[in-house]
Amino acid sequence: EPGPHLPRPGCSQPARPPSHRPCDAMDAPRALLLILALAVGPVAAAAAAAAQTVDQEWTSLGAARQLLDTVSPNSTQFSGHLDGSVSPSATDFPLDSGPLARTATGWEPEGVHLTLWGPDAVLVSWQTGEARTGPTSDPPAPYDAAEVEGLVRYGTAPGQLSKTTSDGRDIVYSYAYGEAAGSMTYHSPILHHVLLTGLQPGQQYWYRVGGRLANGSAAPDGREWSFRLPAGPPAELRIGVLGDPGQTYNTSQTLLHLTDSKPDVVFILGNLSYADLYYSNQTDGNWSYPAVPASQQLRWDAWARLTEPLLATVPAVFVPGNHELEFLRMPPEYSWKATFTAFNARYPGPQDPAEINTRPNNASQYLNASNPRQFVNALKYRPQNGYWSVPLPWATVLVLNSYLPYGPTSRQYRWAAQRLATVNRTATPWLLVLMPGAPRTTFVPSFQALEEFMSFYEPLFYEFQVDMVLSGHV
């Protein structure tokens, strides 16, 4: 329950400093954020076994305090038992099954998704070509990203896509693993990112992604999708929240429920594909929890396909979590050289809105080589694509990252303190923080680091009266 430092919005709240929103800024119930709390990762899926008891406990507290499970497209809110088709055991789809299997051919685009970039901007991303894999002892050649230049055609009516832009980036990244990790080399498809700017909030846009081949001819177009950026006040802002989704059978059900709820924007709170639970040569759906740094990068391609029906139509804020780290030990000295390689390449955030930054973090500059759980050089190291803020109607959203240097001397902390101090609480009365790890948890592998993180940031949250912290992980 909110205390004096985190009051419910409304005129009963304690007085706030002039920099914060005035009491009458929230002039109608429509201003309240509607949160759809959904999580289906390994930890969350296990909780389904106790769903009946939990739901009965909430029901006994009265309708006003029931757990909100579902919001129907006509805005009807109701509580009820968890979906009976959700299994308490989490097993991934095999890579060659249904929603994960590649159906595109040649240069046909797939895995289309939208990243919220600003109040009038969205980043359109997708992949072309099939990933190239082979034994590390005899690896295949990677794609040349210049083989296909990504472009987006869009307009304000279906079938009338009069605007075209290719203002973006086309990249390829690679992972190579030794014998202990599966002896496989992976070269990604060509990953495309095109930034659309000058968009009108609340306006519906239709678009297709495609490209130009190096010889000047057109690459195949994808299907026509549509989206809109969230409308400003007095329109309702409907937010979908998804933590630790993975690519289990439960994931597909959760994505369907979330799509049916018609959110304006989706927050994805880390741990997207769980590719790092596999050896590099695994294709089944059974997690191996490798004892050495490893990953099955084909899981990233598959996750983009699985989530395309939702994320090609709703802008999202993607938060990197611990399963996005994907430590990669690189020759010649096999030190910790790269983290967040796949995530940054596929889901860049607007840390600098003027740049589409897809670079990995250079782990050798900020991690202790003998103990990658320890940060070094926090004062000078500048993380790539690790933390940022993005405005929404009614709200300013900050993304923080407890898996990059976060202490008082770090760039992240200094940026967060400065950004929180400059939020215009009249223009955006709500102030939200997104982070991958739960601020309060007894989960043994995480609680100590998160307690330390919160010891630095919680005073900032109180000082600048953050309204809500949303996290996943446990």
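Please refer to the structure higher up on the page.
Rules of the game
- Residues numbered from 1 in each chain as written.
- Predicted model: local features only at pLDDT ≥ 70, side-chain atom pairs only at ≥ 80, totals over all residues.
- Heavy atoms only, no water.
- Pairing = 2+ DSSP bridges.
- Helix = DSSP H or I, 4+ residues; strand = E, 2+ residues; numbered from the N terminus.
- Axes fitted to C-alpha atoms, helices over the stretch in contact; angles between N-to-C directions.
- Expected span 1.5 Å × (residues − 1).
- Bend = angle between axes of the 7 residues up to and from the residue.
- Buried < 20%, exposed > 50% of the residue type's maximum accessible area, 1.4 Å probe, protein only.
- Core = buried A, V, L, I, M, F, W, Y, C linked by side-chain atoms within 4.5 Å.
- Arc of directions from axis to C-beta.
- Contact = heavy atoms within 4.5 Å.

S.K.: Any chance you could explain the sheet that holds strand β27 (residues 468–471) here in plain terms?
M.R.: Here we have 4 strands laid out as an open sheet, ordered β24-β25-β26-β27, and mixed in their pairing. The sheet terminates laterally at β24 (388–392) and β27, the two strands that pair on one side only. Here the average twist between neighbouring strands, direction ignored, is 20°. Bridge count for β24 against strand β25 (residues 395–399) is 5 bridges, and the pairing is antiparallel.

S.K.: Teacher, can you tell me more about helix α4 (residues 298–311) here?
M.R.: Because an α-helix completes one turn every 3.6 residues, residues spaced three or four positions apart along the sequence face the same direction. Compared with the 20 Å implied by 1.5 Å per residue over 14 residues, the 19 Å span of α4 between its first and last C-alpha is a close match. The sharpest bend along α4 comes to roughly 30°, located at Arg305, with the proline Pro309 sitting one to four residues further on. When you tally the buried positions in α4, you get 12 out of 14 residues, the bulk of the element. Buried within α4 we find Arg299, Trp300, Asp301, Ala302, Trp303, Ala304, Arg305, Leu306, Thr307, Glu308, Leu310 and Leu311.

S.K.: Where do I start with the nonpolar core in this structure?
M.R.: Soluble globular proteins: nonpolar side chains tend toward being buried together. Grouped together as the largest cluster of nonpolar side chains are 37 residues, with contacts concentrated most on Val124, Val152, Leu196, Tyr207, Phe267 and Leu434. Of all hydrophobic cores here, the second largest spans 35 residues; its members include Ile268, Ala294, Ala302 and Ala338.

S.K.: What am I meant to see in helix α6 (residues 411–421) here?
M.R.: Buried within α6 we find Gln412, Tyr413, Trp415, Ala416 and Leu420. Buried positions in α6, seen along its axis, are confined to an arc of 160° and lie on one side of it. For α6, the secondary structure elements touched by its buried residues are β24, β25, β26 (430–435) and α7 (447–463).

S.K.: Help me understand the environment of Gly129, please; the structure alone is not making it clear to me.
M.R.: Structurally, the position occupied by Gly129 is in the loop between β5 (121–128) and β6 (132–135). Classification of Gly129 as buried rests on a relative accessible area of 2%. The sequence separation of Gly129 and Leu191 amounts to 62 residues, and the corresponding C-alpha distance is 9.1 Å. In this structure, Gly129 is in contact with Arg102, Gly106, Trp107, Glu110, Tyr143 and Pro189, ignoring residues within four places of it in sequence.

The values are spatial; any link to function lies outside them.
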